[in-house]
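Each chain is listed here by its residues.
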Amino acid sequence: MIYAIVLSLLIIAAVLFDLLPSKQTNKINGVVYRFFLLIFICVSAFRWKVGGDTINYQDVFENELPPIFRLTDFYATSTKAWEPLFVGLMSISKTVVNKFWFFQLVHAVIVNVIFFSFIKRESKAKFIALTIYFVFQYLYFNMEIMRESLAISVFLLSYTSFKKRKWTKYYLLVIIACFFHVSAVITLTMPFFRGIKMNRRAIILLFLFFLVTQAANTYLVDVLPALLSNDFLVERILTYSLMRFNIIGILYNLTLFCLLPAIVLYTFRKQMLKQFDGMVFFYFVIAIFFLALNGFGRFINYLTPFIIACFSSYVYLMLKNKKDFLARSLIVLLVSVMPLYTKLSYYLTDTSHLVDGTRLYNLWVPYYSIFTKDEYEKRRILYDRYMEEGLEKVIDQIK
């Protein structure tokens, strides 16, 4: 299986280049890093109907989307509420090469080149970071949320301007990101949190904010339209938020999204808080909102690259010190168990009630390429029924 091969190579590279570097490995560090960039691009670009949302995008590309010089026809007839820069990029790709794999290639190059550049700049352990990315977000960013991952990529380009307080350039890039996916609007608020330091006062403020949002989560649904001016974005957040956490879900996600990140940040607070100054408080605000309104979980996608950079640096700093190595390794393992369990449970979700003999990972497994164009016939049925089931659950909540 291609995913297992790539993951095995990443783990070997993480050990050789990050944890046990030598003069020999240092000489080829950059070459190997670019080699993995090429692998990440190729696996995504040359897939054939792999990924749930990919099927939807491919159908529209092949059956509805016109070349760029007739793009107005698409807006006149299509029911898709897709952002203009994403539609334009698809249309330009179709004009150049009328094959969906070419758009996948364009998309994969943009997303992965920017992500690899970001990780190289922000993480102390590039290959550990790539391993985490591949396990947790690669399939999601490259084969599912294709519109949003482009917006996230443009947002990552703005981060240097954010750190240097070059607000004109920052807001220009963020506005461009919004035209790839409207959820990027949340990044417009980030500069207002830029000067807030993670001290005792900030922690108390976050705790009070958690109590308030939990007590008032019913009313948040009513005030949300006033906070966000975009009707489509409000509708999507409210739709996701109809599925509320029970007390167990709140405690579980509080641990996963707040307590574990707090442990990681506190362990190496001098390095972490200095490096991601201005981002940390904003992250916890979004995470706390998510605990009250599930729809805010989508905004965490924009902070995922920072989480990956932060956690990879944490793993590196914990394991590079040979003193108490076994104890440090055990701590890293314990901190990693919950995120790994959550992701594995997601992939292993039983979907046999939708399509016999399937689990959710069948949206991506087996992997087929454009060179054979074999197709897993159950995948489209699984995706359609999985989306229908989600809609039915929302309707049941409304009733």
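Look up a bit, the structure's there.
A few points on the structure. This structure is a prediction, so every number in the text was calculated from the model and none was measured.

## A short note on the environment of Asp-18
With respect to the element layout, Asp-18 can be found in helix α1 (residues 2–19). Sequence separation of Asp-18 and Ile-203 is 185 residues, and the distance between their C-alpha atoms is 33 Å. Sequence-distant contacts of Asp-18, that is, excluding residues within four places in its chain, are made with Ala-13, Ala-125, Lys-126, Phe-127, Ile-128 and Tyr-316. Polar contacts involving the side chain of Asp-18 include one to the main-chain amide nitrogen of Phe-127, which spans 2.9 Å.

## Thoughts on unusual backbone geometry
Of the consecutive residues Val-365 and Pro-366, the connecting peptide bond is found in the cis state with omega at 5°. Turning to its location among the elements, Pro-366 is positioned in the loop between α18 (325–347) and α19 (377–398). With phi around 50°, Lys-49 is a residue other than glycine that occupies positive phi space. The residue Lys-49 is located in the loop between α2 (23–45) and α3 (52–63) in this model. Note on Lys-49: relative accessible area 14%, which makes it buried. Although it is not a glycine, Arg-165 adopts a positive phi angle of roughly 60°. Structurally, Arg-165 can be placed in the loop between α9 (146–163) and α10 (167–178).

## Describing α1
For the α-helix, the turn length of 3.6 residues means that residues three or four positions removed from each other point alike. Across its 18 residues, α1 extends 25 Å between first and last C-alpha, which sits within 8% of the 26 Å expected from 1.5 Å per residue. Taken together, the buried positions of α1 are Tyr-3, Val-6, Leu-10, Ala-13, Ala-14, Phe-17 and Asp-18.

## Topic: the pattern of salt bridges
Side chains that differ in sign of charge can pair as their charged atoms come close. By the definition in use, this model includes six salt bridges. A salt bridge links Arg-147 to Glu-83, with the shortest nitrogen-to-oxygen separation between them at 3.0 Å. Here the residue Arg-147 occupies a position in helix α9, and Glu-83 occupies one in the loop between α4 (71–77) and α5 (84–96), the gap between them amounting to 64 residues. In this structure, Glu-122 and Lys-163 form a salt bridge, with 3.0 Å as the shortest nitrogen-oxygen distance.

## Focus: the nonpolar core
As a rule of thumb, soluble globular proteins bury nonpolar side chains together. The biggest cluster of nonpolar side chains holds 124 residues, and the ones touching the most others in it are Tyr-3, Phe-36, Phe-40 and Tyr-314. Setting aside residues no more than four positions away along its own chain, Tyr-3 makes contact with Val-43, Val-50, Phe-134, Leu-139, Met-143, Trp-364, Val-365 and Tyr-367.

## Re the packing of aromatic side chains
The final tally for this structure, using the stated rule, is 45 aromatic pairs. Here Phe-61 and Phe-100 contribute two aromatic rings whose centre-to-centre distance is 5.3 Å and whose plane-to-plane angle is 65°, an arrangement assigned as edge-to-face. Here Phe-100 lies in helix α6 (residues 100–122) and Phe-61 lies in helix α3, a separation of 39 residues in the sequence. In this structure, Lys-94 packs its charged tip against the face of Phe-61, placed 5.3 Å from the ring centre. Of note, Lys-126 hangs over the ring of Tyr-33, and the distance from its end group to the ring centre comes to 4.5 Å.

## Section: the side chain of Glu-144
Its place among the elements puts Glu-144 in the loop between α8 (138–143) and α9. This buried residue, Glu-144, is left without a salt bridge; Arg-47 holds the nearest opposite charge, at 7.7 Å. There is a polar contact of 3.0 Å between the side chain of Glu-144 and the backbone nitrogen of Asp-53. Reaching out from Glu-144, the side chain makes a polar contact with the side chain of Trp-364 at a distance of 2.9 Å. Dropping the residues within four chain positions of it, Glu-144 is found in contact with Gly-51, Gly-52, Asp-53, Tyr-57, Leu-139 and Trp-364.

Thresholds applied
What you see as residue numbers is a count from 1 along each chain, following the sequence as written. With pLDDT at 70 or above as the cut-off, local features in this predicted model cover only qualifying residues; side-chain atom pairs require 80 or more to be listed or tallied, and sums for whole chains, interfaces and linings still use all residues. Water and hydrogen atoms were dropped before computing side-chain values, which therefore reflect all heavy atoms in the structure. A helix here means a DSSP run of H or I that spans at least four residues, while a strand means a run of E at least two residues long, and both kinds are numbered starting from the N terminus. Here a residue-residue contact requires only that any non-hydrogen atoms of the pair lie within 4.5 Å. For this analysis, a polar contact is any N or O atom pair within 3.5 Å, provided that within protein one partner can donate a hydrogen and the other can accept it, and provided that sequence-adjacent residues contribute only side-chain to side-chain pairs. Think of it in three bands: with a 1.4 Å probe and only protein chains considered, a residue is buried below 20% of the maximum accessible area for its type, exposed above 50%, and partly exposed in between. Expected span of a helix, by definition, is 1.5 Å for each gap between consecutive residues, and there is one gap fewer than residues. Take a side-chain nitrogen of Lys or Arg and a carboxyl oxygen of Asp or Glu: if they are within 4 Å of each other, that pair is a salt bridge. Put simply, buried Ala, Val, Leu, Ile, Met, Phe, Trp, Tyr and Cys residues joined by side-chain atoms within 4.5 Å make one nonpolar core. A pair of Phe, Tyr and Trp rings is counted when the ring centres sit within 6.5 Å of each other, with Trp represented by its six-membered ring. The angle between the planes then sorts it: under 30 degrees is stacked, over 60 is edge-to-face, the rest tilted. Consider the ring centre and the ring normal. A charge sits over the ring if Lys NZ or Arg CZ is within 6 Å of that centre and within 35 degrees of that normal. A residue counts as positive if it is Lys or Arg and as negative if it is Asp or Glu; His and the chain ends are not included.

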